[in-house]
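# Geometric and topological summary
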Amino acid sequence: MFLTISTTGTPERPATDLGFLLHKHPDKSQAFSTSYGKAHVLYPEAEAERCTAALLLEVDAVALVRRGKGKGRGGAPDAALAQYVNDRPYAASSLLAVALSGVFSSAMRGVCAARPELPAQPRPLRVEVPALPARGGPDLVRGLFEPLGWTVGAEPVALDPQFPDWGDSRYVSLVLESETLTLAEALRHLYVLLPVLDDAKHYWVSPDEVDKLLRAGEGWLPGHPQQKLITSRYLSRRWSLTRQAMERLELVRLAEADDSGVEEIDNAVEAEAEAEERPTPLAVLRRERIVTALTASGAARVLDLGCGQGQLVQALLKDPRFTEIVGVDVSMRALTIASRRLKLDRMGERQASRVRLFQGSLAYTDTRLKGYDAAVLSEVIEHLDLPRLPALEYAVFGSARPRTVLVTTPNVEYNVRWETLPAGHVRHGDHRFEWTREEFRTWAATVAERHGYDVGFVPVGTDDPEVGPPTQMAVFELSTAGTENVNEKEAKAA
């Protein structure tokens, strides 16, 4: 990963002043340790007429996985390998932006104790980045840098020069030139816009990233024509942080227009005013809807199939109408966590008699699942490979045959409303599929007809008029005809 910053000069204003601005002596090669590798600063040329500083970043792929997010994206089969084999050691990204901030922190702030007059002086600058991921292509690169006073050269990098028919890659070779910017302004532009173009940060985006963005964007981001895109991408499309940053940027713009301070504009609400009410999490809405449906069905003995860490079991235990609650999961680790969550070892005898946890696979019939009023499959089916789904259908609807079955699953159409979810990605890395409303209804209707159930559908969460609710729930009720068919089969078997 490589970046160079060059400037030209005269005997009166030598180009080697770049060393004072960067706080790195041109006659030395220096190395700096980071949490993901080593950054080197060196000067390929250092004369009065021309000086170039280079930042070379050696990325340790293993350290990056251990200290970064540590997960592949999208749940692809090769996601684990992709953590180690990727473009991070070679292409400019948020890693390079963080290195710029760490290695050239004083220069970015415009501080130079030895020559305090230098930081405020514009100078000829040329920045070169040989390999820059650009999601949006050369047009977006120009749209981001040109409004800031840069002359932009952004040449697409071919996938393979020997095979031009393959077309261009998503990388560009970037050259930026300016006669009017200071070095501090240039570094702040790069610090923000390199990860914006890469559109994939290597670290968790926390609320303090808003402050970092506003500090680096001071003086140029409030009036940038691509302000919204820059803010959203820099904050990894986290809508709450993006909204917070946009509101603060608007305050800056209003304050500048009114020739006053931000504090004078932002004084309508006292500091101790109540915080804005947060929306109820989807997982909580889902459990509430499930409990409501179970109550309406009159169920007393309930199976939570794929109970995970026991959140639904815990919610059901709070209602005395559910006299027996059984949590089943294939993962012993999940069951151990569920046991701790429920505090089974400290639970009173009467309460403990209402709950059981045991290991089991829904791909096989299990006599322990028979005889219950209701079964819940909450966010379970999408974790199975589609060829294994018929086995689950028979184990639950054909063998166990509870009177009521509730099935919830994500509505893939709603994914476009998740600002933090990249296009084409599923909501969880372990999801094998996510269905549209029509696909889910078709599957549910087929299962109901095959096993003698009636089925209805209930939205979970806000029912968007265009894309539907975030979660869809099917409510299966064993039909009278289905019950009679089962009794007839049992009589023949006897």
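Residues numbered from 1 in each chain as written. Predicted model: local features only at pLDDT ≥ 70, side-chain atom pairs only at ≥ 80, totals over all residues. Heavy atoms only, no water.

### Examining the pairing of strand E4 (residues 50-59)
Burial of E4 is extensive: 7 of the 10 residues sit out of reach of the surface. Both strand E1 (residues 2-8) and E4 contribute to a ladder of 7 bridges, which runs antiparallel. Among the inter-strand pairings, phenylalanine 2 is bridged to a residue of E4, identified as leucine 56. Bridge analysis of strand E3 (residues 37-46) against E4 gives 8 bridges, and the strand direction is antiparallel. The partner of alanine 39 across the bridge, within E4, is leucine 57. Taking the residues that link successive antiparallel strands as the turn, the E3-E4 hairpin has 3 residues. (Buried < 20%, exposed > 50% of the residue type's maximum accessible area, 1.4 Å probe, protein only. Helix = DSSP H or I, 4+ residues; strand = E, 2+ residues; numbered from the N terminus. Pairing = 2+ DSSP bridges.)

### Observations regarding empty space enclosed by the protein
One pass over the full model with this rule turns up 1 cavity of 30 Å³ or more. A volume near 30 Å³ is recorded for the largest cavity. Contributing to the lining of the largest cavity are Leu21, Ala107, Gly110, Val111, Pro119, Leu183 and Ala184. By residue class, the composition of the lining of the largest cavity is 6 nonpolar, 1 polar and no charged. (1 Å grid on protein atoms, 1.4 Å probe; cavity = no way out; pocket = protein on both sides within 12 Å on 5 of 7 lines; lining within 4 Å. Points joined across faces, edges and corners; volume = space filled by probe spheres on them. Nonpolar A, V, L, I, M, F, W, Y, C, P; charged D, E, K, R; others polar.)

### Quick word on the confidence of the model for the protein
Across the protein, pLDDT averages 85, with 85% of residues at or above 70. Across the protein, element-level confidence peaks in strand E11 (residues 374-378) with a mean pLDDT of 97 and bottoms out in helix H11 (residues 262-265) with 49. Long-range and interchain partners of residues 268-275, a stretch whose pLDDT sits below 50, account for 0 contacts in this model, where long-range means more than four residues apart. (pLDDT = per-residue confidence, 0-100. Contact = heavy atoms within 4.5 Å.)

### Digging into the sheet that holds E1
Read from one edge of the open sheet, 7 strands run E2-E3-E4-E1-E5-E7-E6, paired in antiparallel fashion. For this open sheet the edge positions go to strand E2 (30-34) and strand E6 (151-158), each flanked by a neighbour on one side alone. In this sheet, neighbouring strand axes are inclined to one another by 15° on average, regardless of whether the strands run parallel or antiparallel. Set on the sheet, helix H6 (residues 137-145) makes contact with E6 and strand E7 (168-178); between it and E6 the angle comes to about 160°. (Axes fitted to C-alpha atoms, helices over the stretch in contact; angles between N-to-C directions.)

### Details of the side chain of glutamine 472
Assignment of secondary structure puts glutamine 472 in strand E14 (residues 471-478). One polar contact links the side chain of glutamine 472 to the main-chain carbonyl oxygen of tryptophan 435, over a distance of 3.3 Å. (Polar contact = N/O pair within 3.5 Å; in protein donor to acceptor, adjacent residues only side chain to side chain.)

### A look at unusual backbone geometry
Most peptide bonds take the trans configuration, and most residues that are not glycine carry a negative phi. Positive phi, normally seen in glycine, also occurs at histidine 23, with a value near 60°. With respect to the helices, strands and loops of the structure, histidine 23 is situated in the loop between helix H1 (17-22) and E2. Residue classification places histidine 23 among the partly exposed residues on the basis of a relative accessible area of 36%. For arginine 237, which is not a glycine, the phi torsion comes out positive at approximately 60°. Along the chain, arginine 237 turns up in the loop between helix H9 (227-234) and helix H10 (239-257). Exposure remark for arginine 237: the relative accessible area of 26% places this residue in the partly exposed category.

### Concerning the nonpolar core
By size, the foremost hydrophobic cluster in this structure holds 67 residues, and its most contacted members are Phe145, Trp150 and Val192. Among the elements that take part in this core, helix H7 (residues 183-198) stands out by supplying 10 residues, more than any other. Among residues more than four places away in sequence, those in contact with phenylalanine 145 are Trp150, Val152, Leu174, Leu176, Leu190, Leu193 and Leu197. (Core = buried A, V, L, I, M, F, W, Y, C linked by side-chain atoms within 4.5 Å.)

### Observations regarding the pattern of salt bridges
Following the criterion strictly, the structure yields 22 salt bridges and no others. For arginine 286, the salt bridge is made with glutamate 379, and the minimal N-O distance between the two is 3.7 Å. Of the two residues, arginine 286 sits in helix H12 (residues 282-297) while glutamate 379 sits in the loop between E11 and helix H16 (389-400), which places them 93 residues apart along the sequence. Glutamate 379 shares its class with arginine 286; the two are buried. A salt bridge links arginine 432 to aspartate 385, with the shortest nitrogen-to-oxygen separation between them at 3.1 Å. Here the residue arginine 432 occupies a position in the loop between strand E12 (404-410) and helix H17 (437-451), and aspartate 385 occupies one in the loop between E11 and H16, the gap between them amounting to 47 residues. Salt bridges sharing partners connect three or more residues here, namely Asp17, Arg115 and Glu117. (Salt bridge = Lys/Arg side-chain N within 4 Å of Asp/Glu carboxyl O.)

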